[in-house]
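Architecture at a glance
Each chain is listed here by its residues.
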Amino acid sequence: MATGRLYGIGVGPGDPELLTLKALRLLRAAPVVAYPAPEMGDSFARAIVAAWLKPGQREIAIRFPMRPGPVPAAVYDEAAAAIGAALDKGDDVACLCQGDPLFYGSFAGLLMRLAPRYPVEIVPGVSSLTACAAAAALPLARRDETLTVIPASLPEEELSRRLAAAEAAAVIKLGRHAAKLRRVAERLGRLDGAVYVERASLPQQRIAPLAGIDPEGVPYFAMALLWRR
């Protein structure tokens, strides 16, 4: 019997209206829907598309530990086994991914495990990177400028080295690393003009100069945009 097809579906940064037409079509057609979720509580990815889920669809919640450090391999192994079991029955599975599936997304861990055995199709989504730029109404890069994406979780010395070398930079996953970024940006003379974007596309979206942000209140879903201009 033919197996089902796995769809890695980017659902965008939070605003349901940013879901693509293709993502919506495949989501509604899939008999099984999988999505990342915290160990306790609801899934943000599921909440984005909740209005379009159908009563008959089976759901697989992939519970991720919300703590620093790499995700344990067992989390991906168990999720891949559950999704694989559905695919073996011939059911297509729509795996929801916040933003874009292949831009710092948890889907990459599933893709590595399942792509060798099952047909896979990736549906790109609006990433946090482009959503933050749109929210701030600022171009990420112009003409021949280069753009560097830097995780804020890097050690301070490495963060400083990469930011110093960047023409335009997006520093992602701020959260508890916001104070570190502020120190680095100020030391490099990049704090003035740096823009902070929090929860882009959501009703509680916030845009402000990075210099005026209290680092203690910065959530994980925040980004800083910095330029050498």
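Rules used in this analysis
- Residues numbered from 1 in each chain as written.
- Predicted model: local features only at pLDDT ≥ 70, side-chain atom pairs only at ≥ 80, totals over all residues.
- Heavy atoms only, no water.
- Helix = DSSP H or I, 4+ residues; strand = E, 2+ residues; numbered from the N terminus.
- Rg over C-alpha atoms; globule rule 2.2 N^0.38 Å.
- Buried < 20%, exposed > 50% of the residue type's maximum accessible area, 1.4 Å probe, protein only.
- Contact = heavy atoms within 4.5 Å.
- Areas by Shrake-Rupley, 256 points an atom, 1.4 Å probe, with all protein chains shown as cover.
- Lys, Arg positive; Asp, Glu negative; His and termini not counted.
- Charge placed at Lys NZ, Arg CZ, Asp CG, Glu CD.
- Pairing = 2+ DSSP bridges.
- Axes fitted to C-alpha atoms, helices over the stretch in contact; angles between N-to-C directions.
- Phe/Tyr/Trp six-rings, centres within 6.5 Å; stacked < 30°, edge-to-face > 60°.
- 1 Å grid on protein atoms, 1.4 Å probe; cavity = no way out; pocket = protein on both sides within 12 Å on 5 of 7 lines; lining within 4 Å.
- Points joined across faces, edges and corners; volume = space filled by probe spheres on them.
- Nonpolar A, V, L, I, M, F, W, Y, C, P; charged D, E, K, R; others polar.
- Parallel < 35°, antiparallel > 145°, perpendicular 65-115°, else oblique.
- Left-handed = near helix turned anticlockwise from the far one by under 90°.

1. Thoughts on the overall build of the chain
Counting secondary structure elements, the chain contains seven helices and ten strands. What you see for the chain is a C-alpha radius of gyration of 19 Å, in line with the 17 Å of a compact globule of 229 residues. Counting only C-alpha atoms, the chain reaches 60 × 35 × 35 Å along its principal axes. A total of 229 residues make up the chain; the buried ones form 45% of that total. A separation of at least 24 residues holds for 71% of the contacts in the chain among residues at least 6 apart in sequence. Put simply, the chain shows about 11500 Å² of open surface, and 54% of that area lies on carbon and sulfur atoms. Positive and negative side-chain charges in the chain, numbering 27 and 23 respectively, have mean positions lying 2 Å apart.

2. A look at the sheet that holds strand β4 (residues 93-97)
Strand order in the open sheet made by the five strands is β3-β2-β4-β1-β5, with parallel pairing throughout. Strands at the two margins of the open sheet, each flanked by one partner only, are β3 (58-64) and β5 (120-123). Mean inter-strand twist for the sheet, computed between neighbouring axes without regard to direction, equals 20°. Where strand β2 (residues 32-38) lies against β4, three bridges are found, and the strand directions are parallel. Each bridged residue has a counterpart across the sheet, and for Val33 the counterpart in β4 is Ala94. Most of the contacts of helix α1 (residues 21-29) go to strand β1 (residues 6-10), to which it runs at about 135°, and overall it touches β1, β2, β4 and β5. On top of the sheet, helix α4 (residues 107-114) reaches β1, β3, β4 and β5; it is set at about 160° to β5, its chief contact.

3. Focus on the packing of aromatic side chains
Going through the model one piece at a time under the given rule, you end up with four aromatic pairs. Between Phe44 and Phe221 the ring centres are 5.5 Å apart and the planes differ by 50°, which places this aromatic pair in the tilted class. With a gap of 177 residues between them, Phe44 in helix α2 (residues 44-49) and Phe221 in the loop between β9 (206-209) and β10 (222-227) connect regions that are remote in the sequence. Ring centres 5.1 Å apart and planes at 90° place the aromatic pair Phe103 and Tyr104 in the edge-to-face group. Among the residues examined, Tyr104 registers a relative accessible area of 43% and is labelled partly exposed.

4. Quick look at the layout of surface pockets
Considering only enclosed or pocket space, the largest pocket measures out at about 1500 Å³ in volume. Secondary-structure elements contributing two or more residues to the lining of the largest pocket are β2, α5 (128-136) and β10. Looking at the lining of the largest pocket element by element, the count peaks at three residues for β2. Looking at side-chain class alone, the lining of the largest pocket contains 25 nonpolar, twelve polar and six charged residues.

5. Re the packing of helix α3 (residues 73-88) against α4
Two numbers describe how α3 lies on α4: the axes approach to 9 Å, and their chain directions differ by 60°. Considering the angle they form, α3 stands oblique to α4. Of the two possible hands of crossing, α3 and α4 adopt the one that is right-handed. Contact with α3, carried on its side by Ala73, Tyr76, Asp77, Ala79, Ala80, Ile83 and Gly84, involves Gly109, Leu110, Arg113 and Leu114 of α4 and no other residues of that element.

Everything listed here is a matter of coordinates, which is why it stays silent on function.
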